[in-house]
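Secondary and tertiary structure notes
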Amino acid sequence: MDPGEEHTRFIEWAQLNGVDINGIAPAKFKDRGMGIVAASDIKKGDQIVHVRNTSLITVAQQAIQALKFPSKISIQARLATYLALHYADEAFQHRPWRDVWPSQDEFTSILPLHWSRKLQDLLPHAANVLLTAQRSKLERDYVDIHAIHPSIPKTLFTYTWLIVNTRTFYWDYPDLPNAHPRLPRKRQQLTADDCYAMCPFIDYFNHSEKGCEPKADAKGYSFTADRAYKAGEEVYISYGSHSNDFLLVEYGFILDTNGCDSLTLDHLILPQLSSEQAGILKEDGYYGSYTLSSMTPTICHRTQAVVRLLTLPSRRYTAFVSGTDEGVGNQGKVNEYVIGLLAKYERQIMKTIEEVEELKVGGEVKTAQKDTLLRRWKQVRSMVKTSIDALSSW
């Protein structure tokens, strides 16, 4: 579990640069990369790490402000450009941190953005939608940056853009006054896309459904233990309530057990709608975002609504979305329709699993990629089967 010399150097650098580390240490796990373990017994509520606000990389820093980015440039693109411009600089103040980031080769292996087209086409629908949006955002950012920094190669910008994408935390600049000129925009206008911070050391933590508690204030970023840990146990944090499709596209991994997992049903339901029905749903705010959950209730309220429009008299749909009828009396018909959709989808899933199993490892197909795809599709199959059983027994 020894992380290696470059990680030892980084820890020494971090502790000299505003990172307080208490009772934990980075460790290298076989076939899983880096993570954090308890170096000694930890009690619930212990602060295990604190990163001083001045140690964060944010767009409020003078070094990034000095680059004078046009206002249309995204925060992610600004941070990625800053890292790219200093990538080869041996004297870069964050060089020890940069030396322990995942390599470009590692990203190529684990992130679907770098997978071959053949493998991308085999992703579940929700993952493919997310991947398309990610690719569009990257392309837009690169075009904007290339116009002002044409010397940055696209391969390098893509790498630093992904570093930012996988290693930032939410930070709404609590250390700056509301009208401070270094805020990306007026505080009341800040959105989640404005609130990026790169936190040295904290990016070592792996994700779990439940993890250590975060706290961000004017002094910096910290985590406290969510429970007691014995020395040698891995310590996790939670990146948020995300489906496995999201985790795969954004971070390159999936969880074996994920209570927040879900499946989108849009690709099954939207083709069933007439143009008139689509218009009604758009007007009422019920068009799209239909999901199948791993938790009860299996099908979301939006799915309940659209299936009523597809299968029942329009007055039943109207009563349901207006809240005057909970729809219990029609639930059997709704369930029957969803079961039919899922049964058809289950057959498609089985064909896809067979196709993934037949992939030959080598060249553009790596073992880890094939294994991840196979695991994900088996999870999808399990969720669909469980939902069919639950709806059938209603």
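Treat the numbers as computed from the prediction; the structure is a model and nothing was measured.

Some words on the nonpolar core
- If you look at the biggest cluster of nonpolar residues, it comprises 113 residues, and the most contacted ones within it are I24, I48, V49, F201, I202 and F205.
- Those residues within four positions of I202 in sequence are excluded, and the remaining contacts are V49, V51, F169, Y221, F223 and I237.

Let's talk about helix α3 (residues 75–85)
- In terms of burial, α3 is largely enclosed, as ten of its eleven residues are buried.
- Of the residues making up α3, those classed as buried are I75, Q76, A77, R78, L79, A80, T81, Y82, L83 and A84.
- Looking at the buried side of α3, the elements it contacts are α2 (62–65), α7 (125–148), α8 (154–166) and β6 (196–198).

Examining unusual backbone geometry
- The residue F201 is not glycine, and still its phi comes out positive at about 80°.
- Note that F201 resides in the loop between β6 and β7 (206–217).
- Judged by its relative accessible area of 0%, F201 falls in the buried class.
- The backbone of S289 shows a phi angle near 60°, a positive value even though the residue is not glycine.
- With respect to the helices and strands, the residue S289 is situated in the loop between α11 (275–284) and β11 (291–293).
- The partly exposed category is assigned to S289, whose relative accessible area is 48%.

Quick look at the pattern of salt bridges
- Summed over the entire model, instances satisfying the criterion amount to 16 salt bridges.
- Between D144 and K72 there is a salt bridge; the shortest N-O distance is 3.7 Å. Within this pair, whereas D144 is found in helix α7, its partner K72 is found in the loop between α2 and α3, the two being separated by 72 residues in sequence.
- Connected via shared salt-bridge partners are E90, R95, R98 and D99.

Here's the deal with the side chain of H7
- Within the secondary structure, H7 sits in helix α1 (residues 5–16).
- Residue class for H7 comes out buried when judged on its relative accessible area of 4%.
- Here Y204 takes part through its side chain, which lies 2.7 Å from a polar atom of the side chain of H7.

Examining the sheet that holds strand β9 (residues 236–237)
- Taken in spatial order, the five strands of this open sheet run β1-β4-β8-β7-β9, and their pairing is mixed. In this open sheet, the two edge strands, each paired with only one partner strand, are β1 (19–21) and β9.
- Across five bridges, strand β4 (residues 47–52) lies against strand β8 (residues 220–224) in antiparallel orientation. Following the sheet pairing, Q47 is matched in β8 by T224.

A look at the packing of aromatic side chains
- Here the structure, examined in full by the defined rule, presents 18 aromatic pairs.
- Measuring from ring centre to ring centre gives 5.7 Å for Y82 and F92, while their planes differ by 70°; the resulting arrangement is edge-to-face. Of this pair, Y82 sits in helix α3 while F92 sits in the loop between α3 and α4 (95–98), placing them ten residues apart in sequence. Accessibility classification places Y82 together with F92 in one group, the buried group.
- Judged by centre distance (5.5 Å) and plane angle (70°), the rings of W97 and W101 are edge-to-face. Across the pair, W101 and W97 agree in class, each one buried.
- Joined through ring pairs, the aromatic side chains of F10, W13, F169, W171, F201, Y204, F205, Y221 and F223 make up one cluster.
- We note R98 situated over the ring of Y87; from NZ or CZ to the ring centre the distance is 4.3 Å.
- Here the guanidinium or amino end of R227 rests over the ring plane of Y229, the centre of that ring lying 4.0 Å away.

So, how was this worked out
- Residues numbered from 1 in each chain as written.
- Predicted model: local features only at pLDDT ≥ 70, side-chain atom pairs only at ≥ 80, totals over all residues.
- Heavy atoms only, no water.
- Core = buried A, V, L, I, M, F, W, Y, C linked by side-chain atoms within 4.5 Å.
- Buried < 20%, exposed > 50% of the residue type's maximum accessible area, 1.4 Å probe, protein only.
- Contact = heavy atoms within 4.5 Å.
- Helix = DSSP H or I, 4+ residues; strand = E, 2+ residues; numbered from the N terminus.
- Salt bridge = Lys/Arg side-chain N within 4 Å of Asp/Glu carboxyl O.
- Polar contact = N/O pair within 3.5 Å; in protein donor to acceptor, adjacent residues only side chain to side chain.
- Pairing = 2+ DSSP bridges.
- Phe/Tyr/Trp six-rings, centres within 6.5 Å; stacked < 30°, edge-to-face > 60°.
- Lys NZ or Arg CZ within 6 Å of the ring centre and 35° of its normal.

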